[in-house]
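Notes for the structure review
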Amino acid sequence: MPSLIFRNGTVSVNDIFVSEWGYEQTNICFYQVISLHGKSTVRIRRIAGQSVITENGRDGCKPAPEHFIDEPLTRRINIHSGKPAIKIDDCERAYKASPDKTYYFTSYH
């Protein structure tokens, strides 16, 4: 499978990226790489998260690959904080993630 190769890792089709962002709450967004272009450009699509109730009662979620919820975006991969990252917009940056990891979110009530 073709990959984009960076000093700090590779990026391949089907890799998952996650962003954790927010001000008074923590939002989690997942993105799946759907194609590679050139040396550092990818097409991604936002995917759904699967809810997980953890042992300690915290709200968590895991990525749900192939459960696309938005149209494709074309973005460049760069290295940020030592990991492959994608700038989604001015306030959101997604990092390469493990598809099995649970990510925790909070909500403002």
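Residues numbered from 1 in each chain as written. Predicted model: local features only at pLDDT ≥ 70, side-chain atom pairs only at ≥ 80, totals over all residues. Heavy atoms only, no water.

Some words on the packing of aromatic side chains
This is how the line gets drawn: Planes of paired rings set the category: under 30 degrees apart is stacked, over 60 is edge-to-face and the rest tilted, where pairs are Phe, Tyr or Trp rings (Trp by its six-membered ring) whose centres lie within 6.5 Å. Under the scheme used here, helices are H or I runs from DSSP no shorter than 4 residues and strands are E runs no shorter than 2 residues, and both carry numbers assigned from the N terminus. The buried label goes to any residue with under 20% of its type's maximum accessible area, the exposed label to any with over 50%, and the partly exposed label to all in between, with areas taken from a 1.4 Å probe on protein chains only.
Scanning the entire structure with this criterion turns up 1 aromatic pair. Judged by centre distance (5.7 Å) and plane angle (70°), the ring pair of Phe-30 and Tyr-103 falls under edge-to-face. Here Tyr-103 lies in strand S10 (residues 103–104) and Phe-30 lies in strand S4 (residues 27–37), a separation of 73 residues in the sequence. Assessed through its relative accessible area of 2%, Phe-30 is described here as buried. Residue class for Tyr-103 comes out buried when judged on its relative accessible area of 5%.

Thoughts on the pairing of strand S6 (residues 59–68)
Regular strands place side chains that alternate from one sheet face to the opposite one. Applicable threshold: In this description, strands pair whenever DSSP reports at least two bridges between them.
Across 6 bridges, strand S5 (residues 41–53) lies against S6 in antiparallel orientation. Each residue of the ladder has a partner; that of Ser-51, found in S6, is Cys-61. As judged from the 2 bridges shared by S6 and S10, these two strands associate in the antiparallel manner. The residue of S10 that forms the bridge with Cys-61 is Tyr-103.

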